[in-house]
Amino acid sequence: MFCKIAAGKIPSKKVYEDDDLYAFHDIAPWAPIHFLIVPKKHITSMAHLDEADGALMGKIMTLAPQLALEQGCEPYPSGGFRVVINTGAHGGQEVHHLHVHVMGGPRPWTKG
């Protein structure tokens, strides 16, 4: 499903796009600010990463704070955001395409 979203075949509310990554708002947000960053390259989960994916994961992790601020998260240290990568059934992964949740905004917020 995320391959189709990143390719524009399924509509989404885009946050960011480049040759490697696509970011979009979660359709069922857990927080006031909640978007996903997905690689355009299909990687099933974090358990499927290899050494060649290091630069891509670094790019995701350095992009997350920039996008979090652009989407309205307050700056560190009084603000901030949460980054979550669910991996496998026990890790809560529901879509089998690596994706990084970025969540923020005033707390408390929990999965509802």
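Here, the structure is the one placed above.
Read on for an overview of the structure.

Each value, and the rule that gives it
- Residues numbered from 1 in each chain as written.
- Predicted model: local features only at pLDDT ≥ 70, side-chain atom pairs only at ≥ 80, totals over all residues.
- Heavy atoms only, no water.
- Phe/Tyr/Trp six-rings, centres within 6.5 Å; stacked < 30°, edge-to-face > 60°.
- Helix = DSSP H or I, 4+ residues; strand = E, 2+ residues; numbered from the N terminus.
- Buried < 20%, exposed > 50% of the residue type's maximum accessible area, 1.4 Å probe, protein only.

The next point concerns the packing of aromatic side chains. If you walk through the whole model with that rule in mind, you get two aromatic pairs. Ring geometry for Phe2 against Phe24: centres 5.5 Å apart, planes inclined by 70°, an arrangement best described as edge-to-face. Note that Phe2 is positioned in helix H1 (residues 2-6) and Phe24 in strand E2 (residues 21-25), a separation of 22 residues in sequence. Classification of Phe2 by relative accessible area gives buried; the value is 5%. Ring geometry for Tyr22 and Phe24: centres 5.8 Å apart, planes at 35°, overall tilted. Classification of Tyr22 by relative accessible area gives buried; the value is 6%. For Phe24, a relative accessible area of 4% puts it in the buried group. Chaining the aromatic ring pairs together yields one cluster made of Phe2, Tyr22 and Phe24.

From the geometry alone we can't say anything about function, so treat these as descriptive.
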